[in-house]
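So you can see what is in the structure, the chains are spelled out below.
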Amino acid sequence: MVKWALVALSYLLIAALPAHSQTVPQETPDAALARLLDDARSVLKTECTEPGTGRLARVLCTGRIRIGVRDYYPLFGELEDGVRFGYEPDIGLALAERLGVEVEFVRVNAASRIPLLASDRIDLVIATMGHNTQRDGQVRFIRPHYYQSETIVVGPRDMKIGGWQDMAGRTVCGTVGNGSNAEIVSHDTRLMLFDEAGILPDRLRDETCFLAAQDDSFFDFYFIDETFAQRFERKFGFAQVPWGMAVALEGRGQLAVALDLLSQIFHRDGVFLEIARKHRIGTTFLEKQRDLWSSPRCNIATGGADPDCVLPALDNVMAPTSFSDAVNRIEGWFDDSLGLEISLPMFKTESAWSLLKSGVFYTVVLVVGALAATLAFALLLGAAMGSRLLPLRWAAHGAIISLQCSPVVLTLVIAATVAHAFFPFSAMVAVGAAIVALGLMNGANAGQAIGEAMSSLREEQREEGATLFLHAVGRSASQLVAFLVNAAKGTPIASFIGAPELLSALTDITSFSSGRGTTYFLLLVFYTLVVMVVVWLGARFRRYLERHRATA
Amino acid sequence: MTMNFDRLFADFLPQLLAGMTVNFEIAAISLALGLLAGLLLTFGRLAGGAVGGTSASLTALMRAAPTFVVMFFLLNAIPRGATLFGVPMALSGVMVVALSLLPYAASYVADSGVDAVQQMRRGSPLGALLILPNLARAFFVLVMSSSAGAAIGVGEGIAVILRHAEQYPALGDRLLLFALGVICFGIPLQLGFAVIRHIQRRLGQRMTRDNAGPV
């Protein structure tokens, strides 16, 4: 045991020394690995079966390494007729060969790969796992990383998308929980979310989605298909994430160091690159890494500790709100006292809290605006419908019929299309277009009721002019209020054209956090309350109009 | 790209009509379920007491629930793989939209049902029959509202229009395509309303004749 401690200590001391302060010649990674393995093998006889044996010693002793790989991740890890193939199983085999042991592959998925490591059911995981700062506390990542993916936006070849500047107001299909969702929504782009990435190519083909965002490693497989590649292309990429093999935190010492050195050697010698070419996955990153790890600065035993050689983990820890602890306590209280597992992600991180606040703001603007627009269009179209001027009456009638024939979503899209033809996309333009569309749709129906009331009052030989109009408004009060309520109820649909109201904001929040059930339940309660408040105000407004009509 | 009229008639219109059948399917499912739930609420409200109060409150809540939010709630709140008494509860997109329209349909049926029963009690069976044109009107409102399905990837009529509109960057072409969509949705809607008006007129004439009695 003392010998192990000395080996690890000497490696750490070497790794900690700055490159320029070491004496030449530097130890090569090959020499360091050979020394490490020799040292490990030399103690096998005495320590192999003892409890508390290090993982490298155990692997060498049993002659077998248990590696967690994926069953179905095209090109990277697949299982067919009991045979595993793909980039990652081949890396596992290459590592085992260098260690002089056999491989026992174990099936893992995104949810099980870390727990299986922690419970010592596997020694190593090579399973499409992105290295981020959150996971650093759960496993020990092997560096240098064996691959790097990025999220790419894929769309039809004839659609001109050069970058984020062309994405505002567009809808992108993605998957729930994808780490890149937060960045997508921060560029005024809407998300249509699916549970599984596997469905995205089909949704692109049947044109349910015009654009889809997912890891380039995922789309690599589909771009092999010529038909797919002829129709679609990669538009641009973002959110680069290094992929790391990982071992458990406990008992990791020698195994992790050995794998670090092997990974370094594999990059330098182009082993990773060769395996990647065999499986037809993207090689740009691996080519750059081969050059980097062949350079004198990195091609030394301590290269893995040099920040100029290794990539940093992706920093995905979001800043918590000042009251996130209180929110956690509330969630805990619900769980302990009522047995209810609720999740309130919108209050926990600054980015989610900020989205929530702006969502509430835009919702209020939208509801107030939709009510005002409905009232204005109702009065305008009502006056035109009740006019004695035939062309004006016909024009109003035509507008009302057209608006009644157009489904709500189509009217919104038309309003947004016209607005975007004159103004660049912005949240306020989307909100403005939605207000006009909701006002026109509901105002048309209410205006028709006012027009009909004016006709009926004329038949009753009542007064003309402004007095007649006011009486007609009073007579159609219940219809007017019904369509005001309808306008308030319709406001969430504005999210369809990119208005960042509360539904939109919470969809964005749940796209990068958990707690969808609780979030949408709270949203439903919020909007139902908003509508009930409008119903209450509408009832008061109707009583006012009817009282006014009675006294006139 | 300028509008290709050959393609429009060969490609767009058949797809739009196929998409519109999905809108009608959603409306039919929603109205059928709404009839079931709405009639229960009607009987509950007529029963009075606590049951009546509860039914009236439920109707008010359903009236206030925004369809679009209900749709997203259903889509996100039901976990994948959830079962009810051992039966899988995975909902298709069409069913999610149909169920999201259920609160509106049920509250509308409940309100119309209570009106109809009150007409019957006043001795006007023909007045009670007005529930039929009211249900037809609700059906067409549901057809138009089912366009919300476009937001969750349901291949209904509006989704077809939007898909084709993406291929025409020019504002004029897009507006022409949208106008075609309005006409295609408008024809069955206006025909439906004409039938409703005809039924109402016939019922009104019969009511007047019955009230006048034999001459």
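The model shown is predicted, which means the values in this text are computed figures rather than measured ones.

Asker: I tried to follow the overall build of chain B on my own but got confused; where do I start?
Answerer: The secondary structure content of chain B amounts to nine helices and two strands. Along chain B, helices (α) and strands (β) appear in the sequence α-α-α-β-β-α-α-α-α-α-α when read from the amino end. Here chain B, with 215 residues, has 45% of them falling under the buried criterion. Taking as baseline every contact in chain B between residues at least 6 positions apart, the subset at least 24 positions apart corresponds to 79%.

Asker: What should I look at first to understand the state of the cysteines in this one?
Answerer: Note on terminology: disulfide describes a covalent bond linking the sulfur atoms of two cysteines. Inspection of every chain in the model, using the stated rule, returns two disulfides over all chains. Across the disulfide from Cys298 of chain A sits Cys309 of chain A; the S-S distance is 2.0 Å. Its S-S torsion of approximately -90° makes the covalent link between Cys298 of chain A and Cys309 of chain A left-handed. You can see Cys298 of chain A sitting in the loop between helix H14 (284–294) and helix H15 (324–338) and its partner Cys309 of chain A sitting in the loop between H14 and H15, a full eleven residues away along the chain. Its sulfur unpaired, Cys405 of chain A is 11 Å from the next cysteine sulfur, which belongs to Cys184 of chain B. For Cys184 of chain B, a relative accessible area of 15% puts it in the buried group.

Asker: I'm lost on the pattern of salt bridges in this one. Help?
Answerer: Any two side chains of opposite charge can pair, given that their charged atoms come close. All names here are of chain A. Counting across every chain of the model gives 25 salt bridges over all chains. Across the pair Arg84 and Asp71 runs a salt bridge whose closest N-O atoms are separated by 2.7 Å. Within this pair, whereas Arg84 is found in strand S4 (residues 83–85), its partner Asp71 is found in the loop between strand S1 (64–70) and strand S2 (72–73), the two being separated by 13 residues in sequence. Considered together, Arg84 and Asp71 belong to a single accessibility category, that of buried residues. Residues Asp306 and Arg297 are paired through a salt bridge, measuring 2.6 Å at the closest nitrogen-oxygen approach. Note on Asp306: relative accessible area 9%, which makes it buried. The network of salt bridges with common partners includes Arg55, Arg58, Arg66, Asp120 and Asp123.

Asker: When you look at the interface of chain A and chain B in this model, what are you seeing that I'm missing?
Answerer: In many analyses, interface size is given as the accessible surface area lost on bringing the parts together. Each partner contributes to the interface: chain A provides 39 residues, whereas chain B provides 36 residues. Interface area, chain A with chain B, both sides summed: about 3,400 Å², of which 76% is carbon and sulfur. Its largest share of buried area at the contact with chain B, chain A owes to Cys405, Leu410 and Lys489 of chain A, together 16% of the area lost on that side. One can count zero salt bridges joining chain A with chain B. Viewed at the interface, chain B and chain A are joined by one residue pair in polar contact (both at pLDDT 80 or more).

Asker: Would you mind going over the domain arrangement of chain A with me for this structure?
Answerer: Residue and element names in this part refer to chain A. Split by domain assignment, chain A resolves into domain 1 (2–146 + 244–305), domain 2 (147–242) and domain 3 (346–551). Counting from both sides, the interface comprises 16 residues of domain 1 and, opposite them, ten residues of domain 2. At the boundary of domain 1 with domain 2, total buried surface from both sides reaches about 1,100 Å², with 66% on carbon and sulfur atoms. Summed over the three residues of domain 1 that lose the most area to domain 2, namely Tyr73, Leu75 and Phe285, the buried surface amounts to 35% of that side. Where domain 1 packs against domain 2, one counts zero salt bridges. The tally of links between domain 1 and domain 2 comes to four residue pairs in polar contact (both at pLDDT 80 or more). When the residues that make up the side of domain 1 that touches domain 2 are grouped by side-chain class, the tally is ten nonpolar, five polar and one charged.

Rules used in this analysis
- Residues numbered from 1 in each chain as written.
- Chains lettered and ligands numbered in written order.
- Predicted model: local features only at pLDDT ≥ 70, side-chain atom pairs only at ≥ 80, totals over all residues.
- Heavy atoms only, no water.
- Helix = DSSP H or I, 4+ residues; strand = E, 2+ residues; numbered from the N terminus.
- Buried < 20%, exposed > 50% of the residue type's maximum accessible area, 1.4 Å probe, protein only.
- Contact = heavy atoms within 4.5 Å.
- Disulfide = S-S within 2.5 Å.
- Salt bridge = Lys/Arg side-chain N within 4 Å of Asp/Glu carboxyl O.
- Buried area = accessible area lost by both parts, 1.4 Å probe.
- Polar contact = N/O pair within 3.5 Å; in protein donor to acceptor, adjacent residues only side chain to side chain.
- Domains from an automatic or database assignment.
- Nonpolar A, V, L, I, M, F, W, Y, C, P; charged D, E, K, R; others polar.

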